[in-house]
Amino acid sequence: MTKDHAHLRNVESANPDAQRIGDTMTRMRVMMGRRVISRLAIARAAPGLELSQLDILDVVRRLRADQQPVTVGAIADAMRLDASRGSRLVAELVARGILRRDACQEDGRRSLIQITDAGEALLSELRNVKQSMIEQVLEDWSLEERHVFGALFERFIDRFDQIAQLTDQE
């Protein structure tokens, strides 16, 4: 066994809770990779829509919630796409009536991207599907367990987000 492998083994045995959490996160990532919630929402509300298009819609929603200008460039940056791919995905959603382009009042060369009523309906369906699945998972949990888990999970993800942002800035 190499020195590096011995160190990894020591880390695993030294903190079994961290190991268990890491293993569970891997399982969750695999499940999220299957995009079960998104696939159900698409099947119910927008057959034929691609998962990447649904991601665009979610990014627009998040940018808007953060009160950031929602442009094709901002969407592409948030999704780590090149500008041409971002533009193509936005154009497809505009053609489907899910997004619309509005002229930017400060800079006529830019378009601001808005979610249409059809897009809002799709986001609502996505939230409904997600809420229903979470309620099924938690159906035999006590109110206290739900509350504690919700608070701790939010705290855990918030800290992960902070670390990720620091890493992105380096």
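Going by the structure above, here's the rest.
Below is a short write-up of the structure.

### Considering unusual backbone geometry
At Gln67, a residue that is not glycine, the phi angle is positive and equals roughly 55°. As for its placement among the helices and strands, Gln67 is situated in the loop between helix 4 (51-65) and helix 5 (72-79). Notably, Arg80 is not glycine yet its phi reads approximately 55°, a positive angle. Here Arg80 is to be found in the loop between helix 5 and helix 6 (83-95).

### Brief notes about the nonpolar core
For soluble globular proteins, the rule of thumb is that nonpolar side chains tend to be buried together. Counting 27 residues, the largest nonpolar core has Leu49, Ile56, Leu57, Val60, Ile75, Leu99 and Ile113 as its most contacted members. Secondary-structure elements contributing two or more residues to this core are helix 3 (36-45), helix 4, helix 5, helix 6, strand 2 (111-115) and helix 7 (117-137).

### Remarks on helix 7
Between its terminal C-alpha atoms helix 7 stretches 30 Å, which fits the 30 Å expected from 21 residues at 1.5 Å a residue. All of the buried residues in helix 7 are Gly119, Leu122, Leu123, Glu125, Leu126 and Val129. The arc that holds the buried residues of helix 7, viewed along the axis, is 155°, so those residues lie on one side. Taken together, the buried residues of helix 7 touch helix 3, helix 4 and strand 2.

### Brief notes about the side chain of Ser52
Here Ser52 lies in helix 4. On the accessibility criterion, Ser52 (17% relative accessible area) is buried. Each residue touching Ser52, except ones within four places of it in the same chain, is listed here: Met79, Arg85 and Leu89.

### Focus on the packing of helix 4 against helix 6
Think of two packed helices as two axes; the pair is described by the angle between the axes and how far apart they sit. Running from N to C, helix 4 and helix 6 point in directions that differ by 90°, and their axes come no closer than 10 Å. On the basis of the axis angle, helix 4 is roughly perpendicular to helix 6. Each of Ser52, Gln53, Ile56 and Leu57 in helix 4 lies in contact with helix 6, whose residues at this interface are Arg85, Leu89, Val90, Glu92 and Leu93. Tallied by class, residues from the contact of helix 4 with helix 6 come to 5 nonpolar, 2 polar and 2 charged.

### So, the pattern of salt bridges
If charged atoms from side chains of opposite charge come close, those side chains can pair. One pass over the structure, following the stated rule, counts 4 salt bridges. Between Arg61 and Asp58 there is a salt bridge, and its shortest N-O distance comes to 2.7 Å. Of the two residues, Arg61 and Asp58 both sit in helix 4, 3 residues apart, roughly one turn of that helix. Residue classification places Asp58 among the partly exposed residues on the basis of a relative accessible area of 23%. Among the salt bridges present, the one from Arg62 reaches Asp58, with a minimum N-O distance of 3.1 Å. Residue Arg62 and its partner Asp58 are located together in helix 4, separated by 4 residues, close to a single helical turn. Classification of Arg62 as partly exposed rests on a relative accessible area of 40%. Residues joined in a network through salt bridges with shared partners are Asp58, Arg61 and Arg62.

### A short note on helix 4
With 15 residues, helix 4 should cover 21 Å at 1.5 Å per step; its first-to-last C-alpha distance of 21 Å lies within 8% of that length. Looking at helix 4, one finds that the buried residues are Leu51, Ser52, Gln53, Leu54, Ile56, Leu57, Val59, Val60 and Leu63. Considering only its buried residues, helix 4 is in contact with helix 3, helix 5, helix 6, strand 1 (99-103), strand 2 and helix 7. Positive backbone phi, at 55°, marks Gln67, one or two positions downstream of helix 4.

Cut-offs applied
- Residues numbered from 1 in each chain as written.
- Predicted model: local features only at pLDDT ≥ 70, side-chain atom pairs only at ≥ 80, totals over all residues.
- Heavy atoms only, no water.
- Helix = DSSP H or I, 4+ residues; strand = E, 2+ residues; numbered from the N terminus.
- Core = buried A, V, L, I, M, F, W, Y, C linked by side-chain atoms within 4.5 Å.
- Buried < 20%, exposed > 50% of the residue type's maximum accessible area, 1.4 Å probe, protein only.
- Expected span 1.5 Å × (residues − 1).
- Arc of directions from axis to C-beta.
- Contact = heavy atoms within 4.5 Å.
- Axes fitted to C-alpha atoms, helices over the stretch in contact; angles between N-to-C directions.
- Parallel < 35°, antiparallel > 145°, perpendicular 65-115°, else oblique.
- Nonpolar A, V, L, I, M, F, W, Y, C, P; charged D, E, K, R; others polar.
- Salt bridge = Lys/Arg side-chain N within 4 Å of Asp/Glu carboxyl O.

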